[in-house]
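Each chain is listed here by its residues.
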Amino acid sequence: MSLLFNLEGYFCEGEVERDWQFKMQFGKILLTNQELTLLKKSNISLTEIDPIIDKFTDGFKIPLLKINKAFNIKIGKIYVLRIETTDGFIFSITMADNKSSGKKRNMELSELINRNILY
């Protein structure tokens, strides 16, 4: 299994609305040649004096064989990658932040997904 894409961003199951930062999970977005994995990020502190440790837990694992299509849409000022699966689920992903609309990274991820679901 080879890693094709690895970046932090926001994601959720279903469609996203304008208040996306409050409705989406922040975490890692990993794409391999077999699946798209969305890992939720939570900050934990083992003790009050230790630094905060980033912990990633399972979010969603979407096999590429189950992805019907992936395309970008613009919602307000951000770009969102919408993924529709063959079993009717919808996932929304964005790499937008306070400085960027996420267009470049979302386009890159959608191209990689679409290229790999065709094979």
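Refer to the structure presented above.
About the cut-offs
- Every chain is numbered on its own, with residues counted from 1 as its sequence reads.
- The predicted origin of the model limits local features to residues at a pLDDT of at least 70 and limits the giving and counting of side-chain atom pairs to 80 or more, whereas totals for whole chains, interfaces and linings rest on all residues.
- Note that water and hydrogens are dropped before the side-chain values are worked out from all heavy atoms of the structure.
- Buried Ala, Val, Leu, Ile, Met, Phe, Trp, Tyr and Cys residues that are joined via side-chain atoms within 4.5 Å together make up what is termed a nonpolar core.
- Three labels apply to residues, based on accessible area from a 1.4 Å probe with only protein chains included: buried if under 20% of the type maximum, exposed if over 50%, partly exposed otherwise in between.
- Strands here are runs of E lasting at least two residues and helices are runs of H or I lasting at least four, both read from the DSSP assignment and numbered beginning at the N terminus.
- Here, two residues are considered to be in contact whenever any of their heavy atoms come within 4.5 Å of each other.
- Stacked, edge-to-face and tilted labels apply to pairs of Phe, Tyr and Trp rings (six-membered ring for Trp) whose centres lie within 6.5 Å, assigned for plane angles under 30 degrees, over 60, and everything in between, in that order.
- Think of it as a cone above the ring: NZ of Lys or CZ of Arg counts as a charge over the ring if it is within 6 Å of the ring centre and within 35 degrees of the ring normal.
- Pairs of strands are assigned from DSSP output, requiring at least two bridges between the strands.

Here we take up the nonpolar core. Counting residues in hydrophobic clusters, the biggest one holds 18 residues, and the most contacted among them are I29, L31, L36, I83, I93, L109 and I113. Elements represented by at least two residues in this core include exactly β1 (3-13), β2 (25-32), β3 (35-44), β5 (67-75), β6 (78-85), β7 (90-94) and α2 (103-117). If you tally residues by element for this core, the top one is α2, at three residues. Among all residues touching L31, those that are not within four sequence positions of it are S2, L3, L4, F5, L36, L64, L109, L112 and I113.

Overall, the coordinates contain four aromatic pairs when judged by the stated rule. Aromatic pair F60 and F91: ring centres 5.1 Å apart, planes at 65°, arrangement edge-to-face. Linking F60 in strand β4 (residues 53-63) with F91 in strand β7, this pair joins segments that are 31 residues apart in sequence. Owing to a relative accessible area of 21%, F60 belongs among the partly exposed residues under this scheme. Judged by its relative accessible area of 6%, F91 falls in the buried class. A cation over a ring is seen here: K40 above F60, with NZ or CZ 6.0 Å from the ring centre.

What follows concerns the pairing of β1. In the case of a regular strand, side chains alternate between the two sheet surfaces. Where β1 meets β2, eight bridges bridge the pair, whose relative direction is antiparallel. Residue pairing across strands places L3 opposite T32, the latter belonging to β2. Direction of pairing for β1 relative to β7: antiparallel, over a ladder of four bridges. Bridge pairing in β7 places E13 opposite F91.

A word on the environment of L64. On the secondary structure map, L64 appears in the loop between β4 and β5. Judged by relative accessible area, L64 falls into the buried class, the value being 6%. Spatially, the C-alpha atom of L64 lies 5.6 Å from that of Q34, the residues being 30 residues apart in sequence. Those residues within four positions of L64 in sequence are excluded, and the remaining contacts are L31, T32, N33, Q34, E35, L36, N116 and I117.

Any functional reading would require information beyond the geometric quantities listed.
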